[in-house]
Amino acid sequence: MQLEAYYMNRINKLFNEKSSGILSVYYTAGFPNIDDTLSITQHLQSAGADMVEIGIPFSDPVADGPTIQESNQKALDNGMTLKLLFEQLKGLRESVDIPVILMGYINPVIQFGLKDFCKACQEVGVDGLILPDLPVLEYQEHYQSTFQQYGLKNVFLISPQTSEDRIKHIDSISDSFIYMVSSAGTTGAKDKFSKENMTYFQRIKDMELNNPTLTGFGISNHTTFEQATQTSSGAIVGSAFIKTITNSTDLKKDVHEFVKRLTGLRGTN
Amino acid sequence: MKYDVDSNGYYGQFGGAFIPEMLYPNIEELREQYLKIIEKESFKAEFDDLLKQYVGRPTPLYFAKRLSEKYKAKIYLKREDLCHTGAHKVNNTIGQILLAKALNKQKIIAETGAGQHGVATATVCALMGMECIVYMGEVDMARQRPNVERMRLLGAEVVPAKSGSRTLKDATNEAMRHWISNPTDTHYIIGSVVGPHPYPDMVARFQSVISAEIRTQLSSLEGRALPDKIIACVGGGSNAAGAFYHYLNDERVELIAVEAAGKGNESGKSAATTVLGKPGVLHGSKTLLMQTEDGQVVEPYSISAGLDYPGIGPIHAHLFDVGRVKFESATDQEAMEAGVELSRLEGIIPAIESAHALAALSKLELKADEIIVINLSGRGDKDLETYIKWGKY
């Protein structure tokens, strides 16, 4: 039992230990400055974030709104590459124990080479992947076995338009959590969720899926964070965090204040 | 058929539907419905009628006598430039707006580079009384002002794409983002044989009227349906797909695609994807793509905005891969010279896109009795400014 827990993927471990109020934060690698990648992860951990999603910048991020698009472009202008990202993450597990997910588009992964990519992820201690333009069927046919071989959990998205049958299918092939996109749209901050959003959140909760869900897209403040955590295990925040760090002169302080503001309580050291 | 798309949307190793889950229901609906709808007799009747009465089809297959004399071969021009709106693009937008109606969609979105597809979309939206939003790169809006105003005159809203390089690929990104945000009432009319399955196949089918007509016309003109060569330019590749479609299985017909080499394929300013690209994923399909080692999409360059795209349709990537279509490329200079030449020899000012196809004539070894069909995909009115700037005429 103890041994099993030791080898358990960090994402599974997190959801085993915590079933509500999980905060996962997305940010783009190499942004705002090229060397900020690892230190932001460290600050997020010390501020009390439960998980981080590090974005692999891409020239054409179709699922993202303006804030994340701009951070991608800035990171690329800074000289960020996937190769460099793995260099930067070499010492990751010396200082970070929370789960780390890489999030990005499929093309840079294909160019890096699927196997090399997965191997590099495993070596630096990445736990999972979110690749929005990798479709379910493609994943099952060409990616799943390699991901599993290197202990990587693939996280799928669902949206208000996803049919019940498809959600069940996605649930059946997931073994970490499901990323619940809050509403029809690309990534970006919202002030609060509508009744319609909340009805959808409740509908998914009532499906009693095998995998826990995290709510993302539109989480920006304590209100939306609270709304999201009422019906799922927690929330994913991206654009609002990117905005916070864009012009930051004191990353540590700003990251801590952000987490505190969002969750209402965390952030001590 | 040997070159058809398979049930997962692949042409050989290229194609597929690499889309965010948010778009899955839209793409799935299209995938399930498109053949059912477009193969219905009532759909075909309405499509054919609009192509005839509204677009002005069939377009002539014109024997270009003086051009033939110069190149010592029998050269026919498929006059897509005589289509309503001035290019072949409208064949596809007519088809897709009828499809959108059959799917009960109320709103239309489109991307455009030079503005030809945007104009063709705005045109059919006016015709059908549907709301139309066209995304166009901010940079392209500035250099294609007349087409922006044409779209507005037709009642469309033109939205500048301000992200990335602010050209065609970014306009496509913005249109996809719009579709993600408005998934239920909106149909996205993609303008080329690109995008997730079933778009490449759907657009190729709508454009296949070009080669269907060539077969009939050549039969009556020459007593044979098969020419020796068919030449077409390729950006995304919709006019080439249409011109090749009904000849793909006639292996003795040599199919030649001409890409834009810009200032030369070694200059760093080119759009010749089969020369400079590697397999990759953009805008929903796996295809040949111009990109960095790190997988970032590279901004292409061509004097012709319609060929200025970093990928090609997956069908073309496959046809290139298996050697069914021979790929050539023509530089800005070669294309401009060919455009001026056609103007002088035949009294036809071609679109600069189509001038790339014409430029292949001087690169090929031709036999005196050979029959060559060149797809003249568009007219040059929209390019007057570029011809003037070029100045060498």
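Definitions and cut-offs
Residues numbered from 1 in each chain as written. Chains lettered and ligands numbered in written order. Predicted model: local features only at pLDDT ≥ 70, side-chain atom pairs only at ≥ 80, totals over all residues. Heavy atoms only, no water. Helix = DSSP H or I, 4+ residues; strand = E, 2+ residues; numbered from the N terminus. Rg over C-alpha atoms; globule rule 2.2 N^0.38 Å. Buried < 20%, exposed > 50% of the residue type's maximum accessible area, 1.4 Å probe, protein only. Contact = heavy atoms within 4.5 Å. Areas by Shrake-Rupley, 256 points an atom, 1.4 Å probe, with all protein chains shown as cover. Buried area = accessible area lost by both parts, 1.4 Å probe. Salt bridge = Lys/Arg side-chain N within 4 Å of Asp/Glu carboxyl O. Core = buried A, V, L, I, M, F, W, Y, C linked by side-chain atoms within 4.5 Å. Axes fitted to C-alpha atoms, helices over the stretch in contact; angles between N-to-C directions. Parallel < 35°, antiparallel > 145°, perpendicular 65-115°, else oblique. Left-handed = near helix turned anticlockwise from the far one by under 90°. Nonpolar A, V, L, I, M, F, W, Y, C, P; charged D, E, K, R; others polar. pLDDT = per-residue confidence, 0-100. Phe/Tyr/Trp six-rings, centres within 6.5 Å; stacked < 30°, edge-to-face > 60°. Pairing = 2+ DSSP bridges. Polar contact = N/O pair within 3.5 Å; in protein donor to acceptor, adjacent residues only side chain to side chain.

What about the overall build of chain B?
Secondary structure assignment for chain B yields 16 helices and 14 strands. For a compact globule of 393 residues, the expected C-alpha radius of gyration is about 21 Å, and chain B comes in at 19 Å, within 12% of that figure. Expressed as a percentage of its 393 residues, the buried residues of chain B come to 65%. Within chain B, counting contacts between residues at least 6 apart in sequence, those at least 24 apart form 73% of the total. When the accessible surface of chain B is summed, it comes to about 13,800 Å², and 50% of that surface belongs to carbon and sulfur atoms.

Some words on the interface of chain B and chain A
Taken together, the 35 residues of chain B in the interface contact 39 residues of chain A. Summed over both sides, the interface of chain B with chain A buries roughly 2,700 Å², with 54% coming from carbon and sulfur. Counting the surface chain B buries against chain A, the share from its top three residues, B:Glu21, B:Met22 and B:Arg177, is 23%. The interface formed by chain B and chain A includes 2 salt bridges. Of the charged contacts, one joins B:Glu21 and A:Arg166 as a salt bridge, the two residues approaching to 2.5 Å between their closest N and O atoms. At the level of secondary structure, the elements contributing two or more residues to the side of chain B that touches chain A comprise α1 (24–38), α8 (168–181), β11 (278–282) and β12 (285–289) of chain B. Element by element, the count of residues in the side of chain B that touches chain A is highest for α8(B), at 8 residues.

Concerning the nonpolar core
The biggest cluster of nonpolar side chains holds 188 residues, and the ones touching the most others in it are A:Leu44, A:Leu102, A:Phe117, A:Phe177, A:Tyr179 and B:Phe244. When near neighbours in sequence (up to four residues on either side) are disregarded, B:Phe244 contacts B:Ser211, B:Ile230, B:Ala232, B:Leu255, B:Ile256, B:Ala257, B:His316 and B:Val325. Within the second largest apolar cluster, 28 residues are counted, among which are B:Ile231, B:Leu358, B:Leu361 and B:Leu366.

Here's the deal with the packing of α1(B) against helix α9 (residues 199–207) of chain B
Relative placement of two packed helices is described by the angle separating their axes and the distance separating the axes. All names here are of chain B. Relative orientation of the contacting elements α1 and α9 amounts to 25°, with a least axis distance of 10 Å. Between α1 and α9, the interaxial angle falls into the category roughly parallel. The handedness of the crossing between α1 and α9 is left-handed. Seen from α1, the contacting residues are Ile 27, Leu 30, Tyr 34, Leu 35 and Ile 38; seen from α9, they are Tyr 199, Asp 201, Met 202, Arg 205 and Phe 206. Partitioning the contact of α1 with α9 into residue classes produces 8 nonpolar, no polar and 2 charged.

Quick notes on the confidence of the model for chain B
Confidence along chain B averages 96 in pLDDT terms, with 100% of residues attaining 70 or more. For this predicted complex, the interface confidence score (ipTM) comes to 0.94, while the overall pTM stands at 0.96.

Section: the packing of aromatic side chains
According to the stated counting rule, one finds 21 aromatic pairs over all chains in the structure shown. Between A:Tyr143 and A:Phe147, the ring centres sit 6.0 Å apart and the planes meet at 65°, which makes this aromatic pair edge-to-face. A residue pair is termed a helical-turn pair when its members lie 3 or 4 positions apart in one helix, as A:Tyr143 and A:Phe147 do in helix α9 (residues 136–149) at 4 residues. Residue A:Tyr143 is classed as buried on the basis of its relative accessible area of 6%. Under the relative-accessibility criterion, A:Phe147 is labelled buried at 0%. Considering the side-chain rings of B:Phe43 and B:Phe206, the 6.2 Å spacing of their centres and the 25° angle between planes classify their relative orientation as stacked. Here B:Phe206 lies in helix α9 and B:Phe43 lies in helix α2 (residues 41–55), a separation of 163 residues in the sequence. The exposure classification of B:Phe43 matches that of B:Phe206, with both residues buried. Members of the aromatic cluster, connected to one another through ring pairs, are A:Tyr139, A:Tyr143, A:Phe147 and A:Phe156.

Observations regarding the sheet that holds strand β4 (residues 74–79) of chain B
Residues and elements named next belong to chain B. Reading across from one edge, β3-β4-β14-β9-β10-β13 is the order of the 6 strands in this open sheet, with mixed pairing throughout. Each having just a single partner strand, β3 (61–63) and β13 (325–331) make up the two edges of the open sheet. Across this sheet, the average inter-strand angle for adjacent strands is 25°, counted without regard to direction. Bridge analysis of β4 against strand β14 (residues 371–376) gives 6 bridges, and the strand direction is parallel. Following the sheet pairing, Lys 74 is matched in β14 by Ile 371. Those strands touched by helix α15 (residues 352–359) are β4, β9 (229–233), β10 (254–262), β13 and β14, and its axis lies near 145° from that of β9.

Considering the sheet that holds strand β8 (residues 186–189) of chain B
Residue and element names in this part refer to chain B. Across the sheet, 4 strands lie side by side as β7-β6-β5-β8; this open sheet has parallel pairing. Looking along the sheet, the strands with just one partner apiece sit at the ends: β7 (157–161) and β8. When strand polarity is set aside, the average angle formed by the axes of neighbouring strands in this sheet is 25°. Where strand β5 (residues 107–112) meets strand β6 (residues 131–137), 6 bridges bridge the pair, whose relative direction is parallel.

Structural notes on the side chain of B:Glu21
As for its placement among the helices and strands, B:Glu21 is situated in the loop between β2 (14–15) and α1. The class for B:Glu21 is buried, based on a relative accessible area of 9%. Here A:Arg166 takes part through its side chain, which lies 2.5 Å from a polar atom of the side chain of B:Glu21. Contact partners of B:Glu21, with chain neighbours within four places excluded, come to A:Pro132, A:Val136, A:Leu157, A:Ile158, A:Thr162, A:Arg166 and A:Ile170.

Remarks on the environment of A:Lys168
Residue and element names in this part refer to chain A. For Lys 168, the location among the structural elements is in helix α10 (residues 164–173). On the basis of relative accessible area, Lys 168 is assigned to the partly exposed category, the value being 45%. Residues Lys 168 and Leu 14 lie 154 residues apart in sequence; the distance between their C-alpha atoms is 23 Å.

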